[in-house]
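Breakdown of the fold
The chain contents come next:
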Amino acid sequence: MNSCGLRCLFILLSFPYLLQADLSSDYYSKTCPDFDQTLVQVVTDKQIAAPTTAAGTLRLFFHDCMVDGCDASILVASTSGKTSERDADINHSLPGDAFDLITRIKTALELKCPNIVSCSDILVGATRSLVKMVGGPRINVKYGRKDSLDSDMNRVEGKLARPNMTMDHIISIFGSAGLTVQEMVALVGSHTIGFSHCKEFASRIFNSNVEHSADFCPEGMNAKYAAELRKLCANYTKDAEMSAFNDVFTPGKFDNMYYKNLQHGYGLLESDQAIAFDNRTRPFVDLYAANETAFFDAFAKAMEKFSEQRVKTELNGDVRRRCDQYNDYRG
């Protein structure tokens, strides 16, 4: 390789976002023709057995892709020598059913076409199928991602939004991931399914001055809703698994009820309720509350764009044989 070639390679490896992945909808048509059929079958079986799998997998997808792109780095287990993203504090509540689903799909595909399908493509494909399965829009996804060669807990902080962050901060985080304010509002609509643990919103409903008081109501929240949440989460400090549905009315259906809830003070998380009042985000909340088709279209396009950002290629990734371990793992 001449000096120019070496310089170009150095630049690409130093700035991986410059790498262009060759993604396509039929990427596995020749190398693993049963890919989609196998994935959908495993996803269907798992969702029927554990109905919270859809919301859990969608959350796993976001926690993976917000940190350096959709590269399955969230799936890597920590070792004695290194703590992975999976063990960052914000990821401790990620559901086991979602990890189990990816393991099941990977195992089935390895039996059919060994060392072909990446874990990152599996996570993206599973998320697409589950969103559709629970009533959401069809998301056009492409494949060809490679899995990351690194997963570091220290890379997580500042990449994922927390419920108590300001709207400026949240918009900045999504902006760093290449997403506009409108795309952010559309993607946050994923909270139309799933639940949140009481500890994630306890500081909002339990005021230190009037704790457990029936007349305390957080700003922007429906008073009766706040009172019911306090009853539900009364013992959350003793039971860390206590939780509430993000969408109190249609928690298992992917629809636009989430936005309607925000308009009437039924936003569970402080950050969710805030988007209904901020001048930058409220117009999109109102639009999606009034028009589910507009929400579905915006969500599908944002998901497609998001899933294709900062994709790993042969130069900075590979296809893991096991999703929770690197290929050179020696135990």
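What counts and how
Residues numbered from 1 in each chain as written. Predicted model: local features only at pLDDT ≥ 70, side-chain atom pairs only at ≥ 80, totals over all residues. Heavy atoms only, no water. Helix = DSSP H or I, 4+ residues; strand = E, 2+ residues; numbered from the N terminus. Buried < 20%, exposed > 50% of the residue type's maximum accessible area, 1.4 Å probe, protein only. Contact = heavy atoms within 4.5 Å. Areas by Shrake-Rupley, 256 points an atom, 1.4 Å probe, with all protein chains shown as cover. UniProt positions renumbered as here; feature names shortened; annotations may be inferred. Salt bridge = Lys/Arg side-chain N within 4 Å of Asp/Glu carboxyl O. Disulfide = S-S within 2.5 Å. Polar contact = N/O pair within 3.5 Å; in protein donor to acceptor, adjacent residues only side chain to side chain. Phe/Tyr/Trp six-rings, centres within 6.5 Å; stacked < 30°, edge-to-face > 60°. Lys NZ or Arg CZ within 6 Å of the ring centre and 35° of its normal.

**Quick notes on the overall build of the chain**
Looking only at helices and strands, the chain has 13 helices and four strands in total. Taken across its 331 residues, the chain has 48% of its residues classed as buried. Pairs at least 24 apart in sequence give 75% of the contacts found in the chain among residues at least 6 apart. When the accessible surface of the chain is split by element, carbon and sulfur atoms take 52% of a total near 15900 Å².

**Quick notes on the UniProt feature "binding site: Ca(2+) 2" (unreviewed entry) in the chain**
The feature "binding site: Ca(2+) 2" (unreviewed entry), as annotated in UniProt, sits at Thr192, Asp247, Thr250 and Asp255 in this numbering. Sequence-wise these annotated residues cover 64 residues; spatially they are packed, their C-alpha atoms never more than 9.9 Å apart. With respect to the helices and strands, threonine 192 occurs in the loop between helix 7 (181-188) and strand 2 (195-197). Note on threonine 192: relative accessible area 0%, which makes it buried. Leave out the neighbours within four places in its chain, and threonine 192 touches Asp247, Thr250, Pro251, Lys253, Phe254, Asp255, Met257 and Tyr258.

**What to know about the pattern of salt bridges**
The full count for this structure, using the stated rule, is 20 salt bridges. As a salt-bridge pair, aspartate 324 and arginine 322 come within 2.7 Å of each other at their nearest N and O atoms. Through salt bridges with shared partners, a single network forms among Lys46, Asp97, Asp100 and Arg104.

**A closer look at the environment of glycine 158**
Its place among the elements puts glycine 158 in the loop between strand 1 (147-148) and helix 6 (167-176). With 91 residues separating them in the primary sequence, glycine 158 and valine 67 have C-alpha atoms 9.1 Å apart.

**Overview of the environment of leucine 149**
With respect to the element layout, leucine 149 can be found in the loop between strand 1 and helix 6. As for leucine 149 and aspartate 318, which are separated by 169 residues in sequence, their C-alpha atoms are 7.2 Å apart. Not counting residues up to four positions away in its chain, the partners in contact with leucine 149 are Asn316, Gly317, Asp318 and Tyr326.

**Let's talk about the state of the cysteines**
Summed over all chains, the structure comprises four disulfides. Across the disulfide from cysteine 198 sits cysteine 233; the S-S distance is 2.1 Å. Across the disulfide from cysteine 198 to cysteine 233, rotation about the S-S bond amounts to roughly -70 degrees, and the bridge is consequently left-handed. Of this pair, cysteine 198 sits in the loop between strand 2 and helix 8 (202-205) while cysteine 233 sits in the loop between helix 9 (223-232) and strand 3 (243-245), placing them 35 residues apart in sequence. Across the pair, exposure class does not vary: cysteine 198 and cysteine 233 are buried alike. Counting only the cysteines that take part in disulfides, in the order they occur along the chain, gives the pairing 1-4, 2-3, 5-8, 6-7.

**Section: the side chain of threonine 127**
Position of threonine 127 relative to the elements: it lies in helix 5 (residues 119-133). Within the local environment of threonine 127, its side chain forms a polar contact with the backbone oxygen of leucine 123, the two atoms lying 2.8 Å apart. Sequence-distant contacts of threonine 127, defined by excluding residues within four places in its chain, comprise Thr57, Leu58, Phe61 and Met303.

**Considering the UniProt feature "active site" (unreviewed entry) in the chain**
Mapped onto this numbering, the UniProt entry annotates "active site" (unreviewed entry) at His63. When you line up the elements, histidine 63 lands in helix 3 (residues 53-65). In this structure, histidine 63 is in contact with Ile90, Asn91, Leu94 and Leu160, ignoring residues within four places of it in sequence.

**Side note on the environment of threonine 127**
The buried category is assigned to threonine 127, whose relative accessible area is 2%. Along the chain, threonine 127 and phenylalanine 61 lie 66 residues apart, while their C-alpha atoms are 6.9 Å from each other.

**As for helix 7**
Among the eight residues of helix 7, six are classified as buried, and the element is accordingly described as predominantly covered. Residues Glu183, Met184, Val185, Ala186, Leu187 and Val188 constitute the buried set of helix 7. Buried residues along helix 7 sit in contact with helix 3, helix 6, helix 10 (257-263), helix 11 (270-274), helix 12 (282-290) and helix 13 (292-307).

**So, the packing of aromatic side chains**
For the coordinates displayed, the defined rule picks out 19 aromatic pairs. Taken together, a centroid distance of 5.0 Å and an interplanar angle of 75 degrees make the contact between tyrosine 258 and tyrosine 259 edge-to-face. The same class applies to tyrosine 258 and to tyrosine 259, which are both buried. Members of the aromatic cluster, each reached through a chain of ring pairs, are Phe254, Tyr258, Tyr259, Tyr288, Phe295, Phe296 and Phe299. The positively charged end of arginine 86 is found above the aromatic ring belonging to phenylalanine 99, 3.9 Å away from the centroid.

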